[in-house]
Amino acid sequence: MTYCLAIRVDTGLVFCSDSRTHGGIDNVGTYSKMHRFGWSAQRHFCLLSAGNLATTQSVLHRLRQDIQRDQRISLRTVPSLDLAADYVGSIRAEVQQRHARRHSEPTDFTASFLLGGQIGSAPPGLRLIYPQGNAIHESSEHPFLQMGEVQYGKPLLDMVTSQWSLEAAARCALVSMDTTLQSNLSVGPPVELLILTGDRLDGGRHLRWGSEHLFLRELRSQWHQGLAAAIGRLPPFPWEESSLNREKTYKNAR
């Protein structure tokens with residue numbers, strides 16, 4: 001499996017992905033699921049991939065090929081993010097059908113993509129492209145999108161609002177990823193993070209870590225310490241209140 005997520009805040013976009021790919025029970029590989037396309041001062045995209053590896057690699061090859069060959073429609077020419085999502089979705093459908101025709105044995109060739117970026121002065125945005133071909137976008141009420149093993153990291157993302165800073169959103173994305181890494185062995189490092197500041201169109205900040213990198217270890221440690229402290233501040237049970245009051249009275253009497 002995999003875990004990929006993206007967050008939109010008022011100042012830009014955050015993307016995060018793992019790198020583990022399974023070709024079978026005993027065939028575990030490492031492939032980047034974060035793919036960047038950009039033309040300085042014009043447009044920048046980040047495409048996160050999940051699903052059948054052959055399908056995702058074929059889609060990425062076709063996307064790059066269309067750019068190299070100066071095709072009329074490519075990520076370099078589409079006028080909007082919605083049309084970019086439609087373009088990626090149509091290529092995915094073609095590739096998926098081609099693979100399915102070549103194989104007589106039942107195999108799942110489906111793949112999903114999470115596309116985000118900015119074109120010119122248009123606002124940045126995110127689109128989740130499902131295997132069925134339809135796509136959804138983020139909103140101010142729901143500023144994040146996920147693919148793969150989403151259940152472990154979603155509660156953390158529910159805290160995010162569009163008013164958060166890019167750095168705060170990025171830290172939340174990493175905690176969400178780390179929680180998933182610890183909860184499901186089918187999700188694995190290296191972890192990749194991309195931060196795109198709105199309107200800069202400069203490629204952003206791209207980071208990549210192994211699971212035991214000092215930064216991720218410190219992030220995990222401080223998060224766990226914060227959780228423990230927060231649990232200690234939660235409301236007491238009724239029988240604890242009376243005990244606490246007695247202890248407080250005793251201390252004051254002394």
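Residues numbered from 1 in each chain as written. Predicted model: local features only at pLDDT ≥ 70, side-chain atom pairs only at ≥ 80, totals over all residues. Heavy atoms only, no water.

Participant: Would you mind going over unusual backbone geometry with me for this structure?
Facilitator: Comment: phi is negative for the bulk of residues other than glycine, and the bulk of peptide bonds are trans. Cis geometry is adopted by the peptide bond preceding P190, which originates at P189 and carries an omega value of 0°. For P190, the location among the structural elements is in the loop between helix 4 (166-183) and strand 11 (191-197). Even without glycine at this site, D70 takes up a positive phi of about 55°. Mapped onto the elements, D70 comes out in the loop between helix 1 (53-68) and helix 2 (81-102). The class of D70 is exposed, set by a relative accessible area of 62%. Positive phi outside glycine occurs at D199, with the angle close to 75°. Here D199 lies in the loop between strand 11 and strand 12 (205-209). Judged by relative accessible area, which is 60%, D199 ranks as exposed. (Helix = DSSP H or I, 4+ residues; strand = E, 2+ residues; numbered from the N terminus. Buried < 20%, exposed > 50% of the residue type's maximum accessible area, 1.4 Å probe, protein only.)

Participant: Where do I start with the environment of E167 in this structure?
Facilitator: Along the polypeptide, E167 turns up in helix 4. Through-space distance from the C-alpha of E167 to that of I195 is 8.2 Å; in sequence the pair is 28 residues apart.

Participant: Teacher, can you tell me more about the sheet that holds strand 6 (residues 43-51) here?
Facilitator: In a beta sheet, neighbouring strands pair by backbone hydrogen bonds and run either parallel or antiparallel. Read across the open sheet, the five strands follow the order 5-6-7-8-9; overall the sheet is antiparallel. Strands with a single pairing partner mark the edges of an open sheet, and in this sheet they are strand 5 (34-39) and strand 9 (135-137). Neighbour-to-neighbour, the strand axes of the sheet open up by a mean angle of 20°, direction not taken into account. Examined bridge by bridge, strand 8 (residues 125-129) and strand 9 share three bridges and lie antiparallel to one another. Directly across from R127, in strand 9, lies its bridge partner H137. Sheet strands in contact with helix 1 are strand 5, strand 6 and strand 7 (111-119), and its direction is about 10° off that of strand 5. (Pairing = 2+ DSSP bridges. Axes fitted to C-alpha atoms, helices over the stretch in contact; angles between N-to-C directions. Contact = heavy atoms within 4.5 Å.)

Participant: Can you walk me through the pairing of strand 1 (residues 3-9) in this structure?
Facilitator: Within a regular strand, side chains alternate between the sheet's two faces. Of all seven residues making up strand 1, seven are buried, and the element is well covered by its neighbours. Neither face of strand 1 is exposed, since Y3, L5, I7 and V9 on one face and C4, A6 and R8 on the opposite face are all buried. Taken together, the five bridges between strand 1 and strand 10 (residues 144-148) define a ladder with antiparallel strand orientation. The residue bridging I7 from the neighbouring strand is F144, located in strand 10. Two strands pair when backbone bridges link them, and strand 1 and strand 2 (residues 12-17) are joined in this way by six bridges, in the antiparallel orientation. Across the sheet, the residue bridging to L5 is C16, located in strand 2. As consecutive antiparallel partners, strand 1 and strand 2 are separated by two residues.

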